Amino acid sequence: MEPFILGSYSHKKLFCELILQGDSPNPAPLNWPELDASAQERLAEMRFWPSLYKQKVHQAQTLASFSHSASGKLLQGAIAQIGQESQAQADFIRDLCQQYQLPSLAPPGPSPLRGEAGFKRSLYNANLELFLGSGLLGLLRQAQYLPTPLLELWASQLQIQARHVMFLANWLVFQTQVRQKPEYESFGAVAIWHQRRWLWELLQRTHRNEYDDTLPESPTQADRLLGQWTFSQILSACQHSYAVQFSAFDPRLVRPLLLPRLAQAYIRMVRFWPQKTDPSPES
């Protein structure tokens, strides 16, 4: 038997089988829980569903196209499977919005991402979504912001996405070994750049800086919830929940590390920021 070495056929087979032998997403019919009026309002205030739906549809299109040009039937099958699962995730978001009468989702146009570069960028975005989504899910559970059965349905989608991210991390390492040139250094950084506006909005909603506890004018329940934590506290929750997502996978597979390291660097940096103090009352 071939020894397990990163970049070997055994490595490729292992990370491809992680996808090909995974459970099919969204077994029909999903058991959508009933929501009372308050929970329905809180769900509606989570306004990222249209953007996430668009990204998932585009991801499915990009991967379906790229799968035909991947090297070898094993990679082609795994990438095609990720594309199908990405479409199933988009269908989950569509069905959630229909089930709970959220604003309708506009059909996205064709994906602008093509080829290998588009494949990598699509899954870079999925990596960032997993990092932030895992942390947010943990905080929502802690705050009992939505009913547990609905959060468990969301958790099942993140578990599927964790497999996709593991595939990309190991595919990049595999390509580095095969091509003898670095492919791994930018993992996650590209997604941060392309999602910078969304991240900036999140930073503003979780304090304009670490020590400013002002809320927006006419805050929603979601604003009040996010206002309970600083951005560094959210990143800390993301670090923990993100690591848990990968804990069940074969330990021989590479884990993505850049986003947790960047988060840790930010958390350490803000410890040295001067804290805001209230002005002294006039004497």
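This section reports on the structure supplied with the text. All of these numbers come straight from a predicted model, not from anything done at the bench.

With that out of the way, let us pick up the packing of helix α3 (residues 49–66) against helix α5 (residues 115–143). Viewed as axis vectors pointing N to C, α3 and α5 meet at an angle of 145 degrees, and their least axial separation amounts to 9 Å. The two elements α3 and α5 cross, and the hand of that crossing is left-handed. Contacts from L52, Q55, K56, Q59, T62, L63 and F66 in α3 reach G115, E116, G118, F119, S122, L123, N125, A126 and E129 in α5.

A few words on the packing of aromatic side chains. Taken as a whole, this structure holds 12 aromatic pairs when the rule is applied. Ring centres 6.1 Å apart and planes at 40 degrees place the aromatic pair F48 and W154 in the tilted group. Here F48, found in the loop between α2 (37–44) and α3, pairs with W154, found in helix α6 (residues 148–179); they are 106 residues apart in sequence, far enough to count as distant. Of the aromatic side chains, those joined through ring pairs into one cluster are F131, Y242, F246 and F249. The lysine or arginine in question, R42, covers the ring of Y145, its NZ or CZ lying 5.6 Å from the ring centre. Its guanidinium or amino end placed over the ring of F4, R252 lies 4.9 Å from that ring's centre, counting from NZ or CZ.

Each full turn of the α-helix corresponds to 3.6 residues, which orients residues three or four apart in the same direction. With 29 residues, α5 should cover 42 Å at 1.5 Å per step; its first-to-last C-alpha distance of 42 Å lies within 8% of that length. In the stretch just after α5, Q144 is the one whose phi turns positive, near 50 degrees.

Another aspect to go through is empty space enclosed by the protein. In the structure shown here, the tally under the stated rule is one cavity of 30 Å³ or more. The volume enclosed by the largest cavity comes to roughly 50 Å³. As for the largest cavity, its lining consists of L43, W49, F92, L96, L146, L150 and W154. Mapped by element, the contributors of at least two residues to the lining of the largest cavity are α4 (73–99) and α6. For the lining of the largest cavity, a count of residues per class yields seven nonpolar, no polar and no charged.

It is worth spelling out unusual backbone geometry at this point. One non-glycine residue, Q101, adopts positive backbone phi at about 55 degrees. Along the polypeptide, Q101 turns up in the loop between α4 and α5. Overall, Q101 belongs to the exposed group, its relative accessible area being 72%. For Q144, which is not glycine, the phi torsion reads 50 degrees and is therefore positive. Relative to the elements of secondary structure, Q144 occurs in the loop between α5 and α6.

The rules behind the values
- Residues numbered from 1 in each chain as written.
- Predicted model: local features only at pLDDT ≥ 70, side-chain atom pairs only at ≥ 80, totals over all residues.
- Heavy atoms only, no water.
- Axes fitted to C-alpha atoms, helices over the stretch in contact; angles between N-to-C directions.
- Helix = DSSP H or I, 4+ residues; strand = E, 2+ residues; numbered from the N terminus.
- Left-handed = near helix turned anticlockwise from the far one by under 90°.
- Contact = heavy atoms within 4.5 Å.
- Phe/Tyr/Trp six-rings, centres within 6.5 Å; stacked < 30°, edge-to-face > 60°.
- Lys NZ or Arg CZ within 6 Å of the ring centre and 35° of its normal.
- Expected span 1.5 Å × (residues − 1).
- 1 Å grid on protein atoms, 1.4 Å probe; cavity = no way out; pocket = protein on both sides within 12 Å on 5 of 7 lines; lining within 4 Å.
- Points joined across faces, edges and corners; volume = space filled by probe spheres on them.
- Nonpolar A, V, L, I, M, F, W, Y, C, P; charged D, E, K, R; others polar.
- Buried < 20%, exposed > 50% of the residue type's maximum accessible area, 1.4 Å probe, protein only.

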